[in-house]
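Report on the structure
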Amino acid sequence: AACGGGDADPAAYPEDDITMVVPFSAGGPTDTVARLIAEPMAEELGADIVVQNVEGAGGTIAGGQVADADADGYEVLIHHIGMSTAPGLYPDLAYDPLEDFKTVGLVTDVPMTIVARPDFEPETLEDLVSYVEENADTVTLANAGVGAASQLCGLLIEQAVGVDLTEVPYDGTGPAMTDLMGGQVDFMCDQTTNTASQLQAGKIKGYAVTTPEPVEALPDLPTTAEAGLPDVQVGVWHGLYVPADTPDEIVEKLTAALEVALEDQNVVDQMATLGTTPVPAEDVTPEAHTAKLEEQIDLWTPIIEESGVTGG
Ligand code: MLT
């Protein structure tokens, strides 16, 4: 960090570059959202925002890094639904999502899609379910590690179908997508911010979206409820975090910049092509963000505990 922790003057913030920490690989869905908002936020704040990818342990390495960073606003974490699943998945998690951070605001809620390598045999979600049932010992399911959205969605699919598949973990679904397109893994569940352009280009096969409503950018895909897996419902919400002792004055500046970024027409347009939208302005607050985090920890923890899945 730039200015020696608590000694920095919040009124003068920012006086140096800000690092936005992304918990997964470059080129993947979280990275895409980070880079979309970083530019207009930087413009509003009057400081550069440098994106840093800190991969590993399903996003929890990055969480630990930012929890321990100087509380001066120069290190900001973007994280998604994984912030609410990590406490259930990691008994020895290095941070408490509610105690060790201040929330800045929610960013966007991204639908997921169930997708496969281009030559995977099943043509529809119904086909996929029966294929996976019959070939459970050979089918491979890609994800971005225990704690990733793709892992959570994959778990819901396995639970719904009643199978335990061979999971192939990556540091992010960016590299997983490369292998999916190349035919090295069979299928995965991943955010539209990573799958929409590949689906539109016909480079992968798509079965369904995991949201209650269809996704405008992907009109050919049914919802999981329509196509026979109504229990596979996930919306991948994202938020920004800073270390818990960060002065409120700095958090307010970051929240204000995030709000401006989410109203930026280029951000709105780019997100639309990626199957998502910025959250409404009333959700770009620490209060709405903390309420969402609490609600999601309460939702996912018992589901994870019942599954017996653990990240160690
Ligand atoms: C990523 O950026 O790679 C993803 O958000 C991974 C995931 O959570 O599935």
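The structure this text deals with has already been given above.
Model, not experiment: these values are computed from the prediction.

Conventions adopted
Residues numbered from 1 in each chain as written. Predicted model: local features only at pLDDT ≥ 70, side-chain atom pairs only at ≥ 80, totals over all residues. Heavy atoms only, no water. Helix = DSSP H or I, 4+ residues; strand = E, 2+ residues; numbered from the N terminus. Rg over C-alpha atoms; globule rule 2.2 N^0.38 Å. Buried < 20%, exposed > 50% of the residue type's maximum accessible area, 1.4 Å probe, protein only. Areas by Shrake-Rupley, 256 points an atom, 1.4 Å probe, with all protein chains shown as cover. Lys, Arg positive; Asp, Glu negative; His and termini not counted. Charge placed at Lys NZ, Arg CZ, Asp CG, Glu CD. Near = heavy atom within 4 Å. Polar contact = N/O pair within 3.5 Å; in protein donor to acceptor, adjacent residues only side chain to side chain. 1 Å grid on protein atoms, 1.4 Å probe; cavity = no way out; pocket = protein on both sides within 12 Å on 5 of 7 lines; lining within 4 Å. Sits in = over half its atoms within 2 Å of the grid points. Nonpolar A, V, L, I, M, F, W, Y, C, P; charged D, E, K, R; others polar. Points joined across faces, edges and corners; volume = space filled by probe spheres on them.

1. Focus: the overall build of the protein
Looking only at helices and strands, the protein has 11 helices and nine strands in total. Expected size for 312 residues packed as a compact globule is a radius of gyration near 20 Å; at 19 Å, the protein falls within 12% of this value. By its C-alpha atoms, the protein is 60 × 40 × 30 Å across when sized along the principal axes. Within the protein, the proportion of its 312 residues that are buried is 56%. For the protein, the computed accessible surface area is about 12300 Å², with 45% contributed by carbon and sulfur atoms. Of note, the protein has its 7 positive side-chain charges centred 7 Å away from the centre of its 56 negative side-chain charges.

2. As for the site of the ligand
Close contacts around the ligand come from Phe 24, Pro 29, Thr 30, His 80, Ala 144, Ala 148, Ala 149, Ser 150, Gly 172, Thr 173 and Gln 191, and that covers them all. Between an oxygen atom of the ligand and a main-chain N or O atom of Thr 173, the distance comes to 2.8 Å. Note that an oxygen atom of the ligand is positioned 2.9 Å from one of the side-chain N or O atoms of Gln 191. Coverage of the ligand by the protein chains reaches 100% of its 270 Å² of free accessible surface. One can see that the ligand is located within the largest cavity. Counting residues per element, the ones that place at least two in the shell around the ligand are helix H1 (29-45) and helix H5 (149-161). When grouped by side-chain class, the residues that make up the shell around the ligand number five nonpolar, six polar and no charged.

3. Considerations on the layout of surface pockets
Within this model, the largest pocket holds a volume of roughly 300 Å³. In terms of residue count, the dominant contributor to the lining of the largest pocket is strand E4 (residues 101-116) (three residues). Across the lining of the largest pocket, the residue classes break down as eight nonpolar, seven polar and two charged. Contributing to the lining of the second largest pocket are Arg 35, Leu 36, Glu 39, Pro 40, Glu 43, Glu 44, Val 260, Asp 264, Asn 266 and Val 267. Those elements that place two or more of their residues in the lining of the second largest pocket are H1 and helix H10 (265-273). With six residues, the single largest contributor to the lining of the second largest pocket is H1. Classifying every residue of the lining of the second largest pocket by side-chain character gives four nonpolar, one polar and five charged.

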